[in-house]
Amino acid sequence: MSIPNHILDQLNSQADLISIIGKHTTLKRAGSEYKGCCPFHGEKSPSFYVNPQKNIYHCFGCSVGGNAISFLRDYENLTFIEAVNELSKQTGIEVPKEEQHNVSYQRRAPKPITPPVQNVPSPTLEHSRVNQGNIHKGNHQDNGAQSAQNYIDQPSYDDNQGYENFPPLEAYDSAAYAMDAYPSEAYSSDHSAIHADDSGYPPAWLADTDTNAGMHDAHGIEQSDDKDGNLYELLEQIQQFYQHNLTTHPHAKHYFLSRGITEDIFETFGLGYAPFGWQHLEHQFPQDIEGLKALGLVRQSESGRDYDLLRDRVIFPIRDNQGRTIGFGGRALDDEVKPKYINSSDSPVFHKQHVLYGYYESRQQRADSWLVVEGYMDVIALYQAGIYGAIASMGTAINESQISRLLTLNPTLTLSFDGDSAGQKAAWRTLEVALPVLADDKELRFLTLPNNHDPDTFIKSQGSDAMREQIANAMPLSQYIFAYLSERYDLSLAEGKAKLMSQVRSLTTALPKGSSFRYLLNNDVYQKLGGRRSQNVEAKDALLDFDGDMTISQQLQLCFLFQPRTLIDDPIESIWQQSGINGLHLPAHIKQKASPDTLRPLAWEDLQDAALLDIVSTIKRCLNYLPKDVNAAAHFILSNVKPATQDMLSRNWGGFYKALTARNILGLDGLIEELVSQLLERNMKKKIQELVQNPDHIKLAIVRKQTQLLNDWLRAQQAEQSAQMVTVQS
């Protein structure tokens, strides 16, 4: 079986080497790398390092080293083909079955080319042809860790000296493991052709002082049709051609400058321009038509005529992990032109699902945190602002293997999508894709910029420091899930809450087996939906955030301000009924001697708390006049209570309200019920003490029986909450 070298490079660079090796030894982060005891030889002091940037490993104890394929062969005893097939399954990179699927193509003598046609086809025809291409919004990838091959000899390092004595990353760059680690028979028979030292003829504009030469044929260049071309080399020449055109077409250069891009960034990202004209690539590279077609840059119309995919568009070269150009994205200069973005299609060297635009450039800057954005310009704007680690996928959603790789480099990954419907749908799809690789030590965060900004426009408007602050304050996954779903269900209805909870449970089944986050996320959402434990934990925490010395009565008063309509059905009467106290069965002789006042439910006046009675009485009096807005209703109530009550509540209301809203607490039914129960318990205990000191055996017997029923009911409530938690967990 012949496997092209570029496919092996892709397999090794895209493999999750940390996970592969982590099955056999414990790896811990050490700076930008991972460190552990060598699985190949017994050792007590770790000297085995895995470099996730270059996807290679090396032991400074026994000198073993290599990449993903070599590890599977040497440690897991797989054959070369078995190792390749295993990585193909893991990465999704297809291993071609036919030998011709490689990076070489037949170069041919240039056919006579007529001068560029001046008559421009109609826009309708242009658009219909363009739409045959692969079209995306503008998300693309670029990978950045250069693949390394055999390690150079290094002295051994004492583990006790610390990580700072470990060789710098530059020590990896000089050589490699790749090819000589494999049997020669495993490679394509035309291996030498793949790496032939033939870069093809130089673009005409490199040899001709005429700035328009790039648009003419290259008849003056020596013709050669007996050597194969190389797609990587052709792509590099095309990239240089596009980049040169940027200097000779001021309107294209002005587009980038008007977007705030500086000229040094032109070079960093290799930005360019594809001139107008239907066959400028064929004129520029007449011997390489077969290669241009293999790359999808030249296509054939229904009438059989070849035409260039990218025309009159600014160009974004797409690079792989080694920094090689593997494709292009083109953006229309006019926003009215549709489609706005066009990507070159998949080819033997370009597989969209494995590429992240901006990854290579970010790795060059040793980025240690990663931000997924939607478009090329977002990546470039963030890079120019000194915020490295921004990348974009080639479609609307990044895939599972890419997320896994980024979470290996940093356990926290931030996703930034537009706030519109399309952007939020893309964010949700990404969330669903990420769940299977979201181990407990990994975290997803979501960033939606204010005022419909994207990172590019936000940086221009607010600056880089404000952008860093937005990234730092991105929303955790648990909050994002609730915020997203709560907009889609009516949470004022039990049915809406049930549907939301059902979807959350369905989502969490995708988390890795044994995930603690599964239970915690279900429980967190259950609490936000009004589960009793939510009120007892979340709202109590909110109270402690700003005043931990408040009495139960003061807490209850603030809760009534936040949720005044709780008093429509009096909480004391409700507890009296639920606990069965109102139906208390007494012996006949006690019932005959008991006064009617002893058997009635407790009232707010019985609690002997003037401030609490004031707030309850005021709310009941004003219920029909309260505004719907929580904060407005609270201030309406405050304006009607006594000055002493108003003074205490006014001091604490702002902090309490802010703490509750920050936690997305929707209701306080459970907390209010518990606080009222605690006040009733205290009142009844106090009454028992008074009756013991001033004996009244009839009243004492009745109050003790009431207290027992209340305590039994409270224990039943706690048991019910525990059962609900078990249901949530399952």
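Note that this is a predicted model, so its numbers are computed, not measured.

**Observations concerning the overall build of the protein chain**
Link 1 in the chain: The number of helices and strands found in the protein chain is 31 helices and 19 strands.
Link 2 in the chain: Burial analysis of the protein chain (730 residues in total) assigns 51% to the buried set.
Link 3 in the chain: Restricting to contacts in the protein chain with at least 6 residues of sequence separation, those with at least 24 account for 73%.
Link 4 in the chain: On the protein chain, roughly 33,000 Å² of surface is accessible, and the fraction owed to carbon and sulfur atoms is 48%.

**Considering the confidence of the model for the protein chain**
Link 1 in the chain: Of all residues in the protein chain, 77% have pLDDT values of 70 or greater, and the mean over the chain is 78.
Link 2 in the chain: Across the protein chain, strand 8 (residues 272-274) holds the top mean pLDDT of 96, while helix 6 (residues 191-194) sits lowest at 32.
Link 3 in the chain: Every residue in residues 117-225 scores below 50 in pLDDT, and together they form 272 contacts with partners more than four places removed in sequence or on other chains.
Link 4 in the chain: Long-range and interchain partners of residues 532-536, a stretch whose pLDDT sits below 50, account for 24 contacts in this model, where long-range means more than four residues apart.

**Considerations on the nonpolar core**
Link 1 in the chain: The biggest cluster of nonpolar side chains holds 61 residues, and the ones touching the most others in it are Ile 238, Phe 256, Leu 271, Phe 316 and Met 467.
Link 2 in the chain: Residue contributions to this core peak at eight residues, all from helix 8 (residues 231-248).
Link 3 in the chain: Not counting the four nearest positions on each side in its chain, Phe 316 is found in contact with Phe 256, Leu 271, Gly 327, Phe 328, Gly 329, Arg 331, Tyr 341, Tyr 357, Tyr 376, Met 377 and Ile 380.
Link 4 in the chain: Listed in part, the 44 residues of the second largest apolar core include Met 648, Leu 668, Val 676 and Leu 680.

**Focus on the sheet that holds strand 8**
Link 1 in the chain: Spatially, 8-11-12-13 is the arrangement adopted by the four strands of the open sheet, whose pairing is antiparallel. Here the strands that pair on one side only, and so sit at the sheet edges, are strand 8 and strand 13 (341-343). Each strand axis lies, on average, 35 degrees off the axis of its neighbour in the sheet, ignoring direction.
Link 2 in the chain: Of the pairings in the sheet, the one linking strand 11 (residues 313-319) to strand 12 (residues 325-332) comprises seven bridges and is antiparallel in character. Bridged to Pro 317 within strand 12 is Phe 328.
Link 3 in the chain: Contacts from helix 8 reach strand 8, strand 11 and strand 12, with the element oriented near 30 degrees to strand 12.
Link 4 in the chain: Its contacts with the sheet place helix 14 (residues 376-384) against strand 11, strand 12 and strand 13, and it is angled at close to 75 degrees to strand 11.

Rules behind the numbers
Residues numbered from 1 in each chain as written. Predicted model: local features only at pLDDT ≥ 70, side-chain atom pairs only at ≥ 80, totals over all residues. Heavy atoms only, no water. Helix = DSSP H or I, 4+ residues; strand = E, 2+ residues; numbered from the N terminus. Buried < 20%, exposed > 50% of the residue type's maximum accessible area, 1.4 Å probe, protein only. Contact = heavy atoms within 4.5 Å. Areas by Shrake-Rupley, 256 points an atom, 1.4 Å probe, with all protein chains shown as cover. pLDDT = per-residue confidence, 0-100. Core = buried A, V, L, I, M, F, W, Y, C linked by side-chain atoms within 4.5 Å. Pairing = 2+ DSSP bridges. Axes fitted to C-alpha atoms, helices over the stretch in contact; angles between N-to-C directions.

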